[in-house]
Amino acid sequence: MMGDTAPGQGWGMGRFHGMMGPYGAGMPGMGAGMGLGMTPPDLTSEQAQKIDQLQQEALARTRSLAQQLWAAHDTLNRLHMNEKRDWDAIRAASQKLFELQRQQLEAAIDLQQKIDGVLTDSQRRDMARFWRGHGGIGAQ
């Protein structure tokens, strides 16, 4: 969605990062990520390689989930377009979509946590400072 490699990219996935940067949002319905092109400026080549590996692994794991999300969105849209709507079916399709989105968010959080494990304390502090200054909840 926000990246350039494939539909359904999650937090920081892909080599071509689009407007959100390598930690940006991506999969449909998900806004998790560092966003706004913010990356620690002082990544070592080893860190960059490890993060790229984590991103590629996460993309491989979530590709099927992204396809399921697109199908769930399509199903829900079709149910809403019926002249006589089946509200129970709409509720069930919405629940399925919400569950897939929850799984997607969990995958994004897991990837964030793994990437944090690659960063130094100083890089993590820089990222926390960035979030406080760019619209994080309770930012001052």
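Anything mentioned here points back to the structure above.
Please read these numbers as outputs of a predicted model, since none were measured by experiment.

Section: the overall build of the protein chain
Assigned secondary structure in the protein chain consists of three helices and zero strands. Walking the protein chain from its N terminus toward its C terminus, one meets helices and strands in the order α-α-α. In the protein chain, buried positions account for 37% of the 140 residues. A separation of at least 24 residues holds for 56% of the contacts in the protein chain among residues at least 6 apart in sequence. When the accessible surface of the protein chain is split by element, carbon and sulfur atoms take 53% of a total near 8,500 Å².

Brief notes about the side chain of glutamine 47
By the element assignment, glutamine 47 lies in helix α1 (residues 45-81). Using a relative accessible area of 8% as the deciding quantity, one classes glutamine 47 as buried. Here threonine 44 takes part through its backbone nitrogen, which lies 2.8 Å from a polar atom of the side chain of glutamine 47. Ignoring sequence-local partners within four residues, the contact set of glutamine 47 consists of Asp42, Val118, Leu119, Thr120 and Gln123.

A look at the nonpolar core
Soluble globular proteins: nonpolar side chains tend toward being buried together. Among the nonpolar cores identified, the biggest contains nine residues, and these are Leu65, Leu69, Ala72, Leu76, Leu79, Ile90, Ala93, Leu97 and Leu100. Of all the elements in the fold, those that place two or more residues in this core are α1 and α2 (87-118). Of all the elements, α1 adds the most residues to this core, at five residues. Ranked by size, the runner-up nonpolar core spans eight residues in total, among them Ala58, Leu111, Ile115 and Met127.

Conventions we followed
Residues numbered from 1 in each chain as written. Predicted model: local features only at pLDDT ≥ 70, side-chain atom pairs only at ≥ 80, totals over all residues. Heavy atoms only, no water. Helix = DSSP H or I, 4+ residues; strand = E, 2+ residues; numbered from the N terminus. Buried < 20%, exposed > 50% of the residue type's maximum accessible area, 1.4 Å probe, protein only. Contact = heavy atoms within 4.5 Å. Areas by Shrake-Rupley, 256 points an atom, 1.4 Å probe, with all protein chains shown as cover. Polar contact = N/O pair within 3.5 Å; in protein donor to acceptor, adjacent residues only side chain to side chain. Core = buried A, V, L, I, M, F, W, Y, C linked by side-chain atoms within 4.5 Å.

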